[in-house]
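# Examining the three-dimensional arrangement
Listed here are the chains, written in short residue letters.
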Amino acid sequence: DLHSFPTRRSSDLHIGGLLNISLLGSFLQKWLLPRLSDFYQKYPEVDLRFNASRELIDFMHTDFHAAVRYGNGHWEQLQAERMLDDWVFPVTSPALLAKLGPINTLGDLNKYPLLHSASEPWVDWLRRVGGDTTRVERGPVLDDSASVLAAAEQGHGLALARWSLVAGDLASSRLVRPSVQSVRQHNSYYFVAPSHHFELPKVLRFRDWLRDVCGEFPPPEGERLEPEAK
């Protein structure tokens, strides 16, 4: 019954109303959801709807207003604003760390079974830190970052994790870092939308809020936010 809903004035719809955002499921689950209550408190007039997808949205043929994407910042015919940098490093369960010991050298890495992720392949990380890239990807490859972290938490091996996705698990000691070695990513999280969508107040409110909370998220211990050397 349409009459059971409060009517909104056109000005209310311009300021608030439905805001459809597409983003990666892992980012939504592990980073954004714990922070969303702050947005709802500040902007109750905005009705957020999220769609978890890896594909870049076709804004011309859907009703999405914006997306949060992980990449290099270049998407054709779209405006992209960088929100959050990231680092990647190995994580494991406290029990497996106690059993196999810390990773102080790249040789120590061989003590651990490696958990493989489609999004964070070990060969790329090993290449960046000067390790043995001939240690090929053996075993099942998990397609979802959250699944890889769940496998690591259950003690199945060593996983590569993005700082943004694993910070909460580290803070609660569900996961631990067996080494201090991390690699800053060339990619970042971006807020992406067609240029004319940035004229909508509700889009700007979410963009500004997201930029603020991203700015409050510190880098991992020992890392800095200065731009990476070219």
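In the block above lies the structure referred to throughout.
My aim in this report is to walk through the structure given alongside it, one point at a time. Small disclaimer: the values here were computed from a predicted structure and weren't measured.

Here is what the cut-offs are and how they apply
Residues numbered from 1 in each chain as written. Predicted model: local features only at pLDDT ≥ 70, side-chain atom pairs only at ≥ 80, totals over all residues. Heavy atoms only, no water. Buried < 20%, exposed > 50% of the residue type's maximum accessible area, 1.4 Å probe, protein only. Helix = DSSP H or I, 4+ residues; strand = E, 2+ residues; numbered from the N terminus. Pairing = 2+ DSSP bridges. Contact = heavy atoms within 4.5 Å. Axes fitted to C-alpha atoms, helices over the stretch in contact; angles between N-to-C directions.

## Side note on the pairing of strand β3 (residues 66-71)
Burial runs high along β3: six of the six residues are buried. The two faces of β3 match: Ala 66, Val 68 and Tyr 70 on one face and Ala 67, Arg 69 and Gly 71 on the other face are all buried. Both strand β1 (residues 17-23) and β3 contribute to a ladder of three bridges, which runs parallel. Pairing of Leu 23 across the sheet is with Val 68, part of β3. Pairing geometry for β3 and strand β8 (residues 183-193), over five bridges, is antiparallel. Across the sheet, Ala 67 pairs through a bridge with Val 192, a residue of β8.

## Examining unusual backbone geometry
In this model, Gln 77 sits at a positive phi of 65°, which is unusual for a non-glycine residue. Mapped onto the elements, Gln 77 comes out in the loop between β3 and β4 (79-91). Of note in this structure, Ser 173 is not a glycine but carries a positive phi near 65°. Mapped onto the fold, Ser 173 is located in the loop between α7 (163-171) and β8.

## Concerning helix α6 (residues 145-153)
Looking at α6, one finds that the buried residues are Ser 145, Ala 146, Val 148, Leu 149, Ala 151 and Ala 152. If you follow the buried residues of α6, they end up packed against α2 (25-32), β4, β5 (116-117), β6 (141-142), β7 (159-162) and α7. Taken from the residues just after α6, Gly 155 is the one with a positive phi, measuring 85°.

## What about the sheet that holds β8?
Here we have six strands laid out as an open sheet, ordered β2-β1-β3-β8-β4-β7, and mixed in their pairing. Every interior strand has two partners, whereas the edge strands, β2 (46-52) and β7, have only one. Averaged over neighbouring strand pairs, the angle between their axes works out to 25° when direction is ignored. Examined bridge by bridge, β4 and β7 share four bridges and lie antiparallel to one another. Bridge pairing links Val 88 to Arg 162 in β7. Contacts between helix α8 (residues 201-215) and the sheet are confined to β1, β2, β3, β4 and β8, with β4 contributing the most and set at about 35° to the helix.

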